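Residues per chain, in single letters:
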Amino acid sequence: MLRASLLYLSHSKSARGLITRFPVARAVSSRFVAGETMGDVIRVIRELAARGLMSTADHLGENVASEADAARAADDYLRLLDQIAAAGVKSHVSLKLTQFGLDLGEAVALGHLRRVLERARAVGTFVRVDMEGAEYTDRTLALVRAARAAGYDNLGTVIQSYLYRSEADIAALIDEGVRVRLCKGAYKEPPDKAFPAKADVDANYVKLTGALLKAAQHTPAIYPAIATHDEKMIAAAKDFAAANQIPPASFEFQMLYGIRRELQETLAAQGYNVRVYVPYGTEWYPYFMRRLAERPANLWFFVSNFFKR
Ligand SMILES: Cc1cc2nc3c(=O)[nH]c(=O)nc-3n(C[C@H](O)[C@H](O)[C@H](O)COP(=O)(O)OP(=O)(O)OC[C@H]3O[C@@H](n4cnc5c(N)ncnc54)[C@H](O)[C@@H]3O)c2cc1C
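About the criteria used
- Residues numbered from 1 in each chain as written.
- Predicted model: local features only at pLDDT ≥ 70, side-chain atom pairs only at ≥ 80, totals over all residues.
- Heavy atoms only, no water.
- Helix = DSSP H or I, 4+ residues; strand = E, 2+ residues; numbered from the N terminus.
- Rg over C-alpha atoms; globule rule 2.2 N^0.38 Å.
- Buried < 20%, exposed > 50% of the residue type's maximum accessible area, 1.4 Å probe, protein only.
- Contact = heavy atoms within 4.5 Å.
- Lys, Arg positive; Asp, Glu negative; His and termini not counted.
- Charge placed at Lys NZ, Arg CZ, Asp CG, Glu CD.
- Near = heavy atom within 4 Å.
- Polar contact = N/O pair within 3.5 Å; in protein donor to acceptor, adjacent residues only side chain to side chain.
- Areas by Shrake-Rupley, 256 points an atom, 1.4 Å probe, with all protein chains shown as cover.
- Domains from an automatic or database assignment.
- Buried area = accessible area lost by both parts, 1.4 Å probe.
- Salt bridge = Lys/Arg side-chain N within 4 Å of Asp/Glu carboxyl O.

What about the overall build of the protein?
Inference 1: Per the secondary structure count, the protein includes 13 helices and eight strands.
Inference 2: Taking 19 Å as the expected radius of gyration for a compact globule of 309 residues, we find that the protein reaches 19 Å, a close match to that expectation.
Inference 3: Structurally, the protein occupies a C-alpha span of about 55 × 45 × 40 Å along its principal axes.
Inference 4: In the protein, buried positions account for 53% of the 309 residues.
Inference 5: Within the protein, residue pairs in contact and separated by at least 24 positions form 75% of the contacts whose partners lie at least 6 positions apart.
Inference 6: If you average the places of the 40 positive and of the 34 negative side-chain charges in the protein, the two averages end up 4 Å apart.

What follows is the structure in structure tokens.
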């Protein structure tokens, strides 16, 4: 109920106007966001590397309303890729297709995705196409496939274990050799599309982790990303890999910036590849609301600080 309300508010323009006006919201969001500028994200990528952690940088933004905004968002990614190369740091980038104009037409988003893939290829890095709400799943997968058909192999996408369709999607993506990040799913979905019970989402996560790791054992290019802060999911992945002699180098764990920092370092110290998703930029509101929805303690922290001011 609380999760559903927060996810509803993440789309509300009036709530956004109200909440982002308060300095305390910005202060609390800074726990999950590297900062507002490219300089901030480069600094964080360096700090993470010093702690043995890899990065994927995300320029926050989604559901743009005009072609000009879509073009600006893609230009920001081109600048980000140039900055990563110029600063001599290593980082992937993660992006959302609605930020590149998917709501305005598939051709708009694909055009910008291709521009970013071209620049990423030139600087030698990888692009992860994030997965958004279920109304975008088919179009996201179609555009990832279109980009691969156009000759780009430096991209992968994301599958959410809360969707019933994900087992079939993962099987198809494995067949096609597409790199998958597996997460539980962060959006509000109806019961005809997604498991309503957390236990089922978790069980499916474990099952899909097994499918991805098994595929990686035979096809190194699959190199899956197990994206979760849930110690049970992480233990299941480690156990499955150990039981099937799948070396830690053939997959990676991923976590969000600011969440379970000690666990990120512990896994890296144990010899696992760990990548941190590092968002930055001014468009932090919907991302911040999804993080509040995932953990009630974050909301109480926010509310208690709100009333202290
Ligand atoms: C690298 C990465 C990329 C992602 N990309 C996508 C994407 O493209 N599309 C998408 O729909 N979702 C994405 N997600 C979000 C994901 O779907 C989940 O909503 C989120 O990761 C919470 O699920 P969990 O696996 O951590 O497990 P949960 O069962 O939600 O949490 C397990 C434990 O992790 C900790 N935790 C989880 N969330 C938080 C939080 N916000 N603050 C503090 N502690 C927390 C708590 O200790 C909690 O008990 C991504 C997540 C990661 C880590």
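Alright, that's what it looks like, and here's the rest.
A closer look at the site of the ligand
Inference 1: Contacts to the ligand come from 25 residues, most closely from Lys 184, Gly 185, Lys 198, Thr 228 and Glu 294.
Inference 2: One nitrogen or oxygen atom from the main chain of Ala 186 is found 3.0 Å from an oxygen atom belonging to the ligand.
Inference 3: Here Thr 228 contributes a side-chain N or O atom positioned 2.6 Å from an oxygen atom of the ligand.
Inference 4: Alone, the ligand offers 930 Å² of accessible surface; in the complex the protein occludes 88% of this.

Concerning the domain arrangement of the protein
Inference 1: Split by domain assignment, the protein resolves into domain 1 (1-32 + 284-309) and domain 2 (37-281).
Inference 2: The interface of domain 1 with domain 2 comprises twelve residues on the first partner and 16 residues on the second.
Inference 3: Here domain 1 meets domain 2 over a buried area of about 1200 Å², counting both sides, of which 57% is carbon and sulfur.
Inference 4: On the domain 1 side of the contact with domain 2, Arg 31, Tyr 287 and Arg 290 bury the most area, a combined 41% of that side's loss.
Inference 5: Applying the counting criterion to the domain 1 and domain 2 interface returns one salt bridge.
Inference 6: Arg 290 is the partner of Glu 62 in a salt bridge, and the nearest nitrogen-oxygen pair spans 3.0 Å.
Inference 7: One can count three residue pairs in polar contact (both at pLDDT 80 or more) joining domain 1 with domain 2.

Points about the environment of Leu 256
Inference 1: Tracing the backbone through its elements, the reader meets Leu 256 in strand E7 (residues 252-256).
Inference 2: Overall, Leu 256 belongs to the buried group, its relative accessible area being 15%.
Inference 3: In the structure, Leu 256 is positioned 23 residues away from Pro 279 in sequence and 8.5 Å away in space, judged by C-alpha atoms.
Inference 4: In this structure, Leu 256 is in contact with His 229, Gln 264, Val 276, Tyr 277, Tyr 287 and Arg 291, ignoring residues within four places of it in sequence.

Some thoughts on the environment of Asp 153
Inference 1: Residue placement: Asp 153 occurs in the loop between helix H7 (137-149) and strand E4 (155-160).
Inference 2: Along the primary structure Asp 153 and Arg 121 are separated by 32 residues, whereas in three dimensions their C-alpha atoms are 9.0 Å apart.

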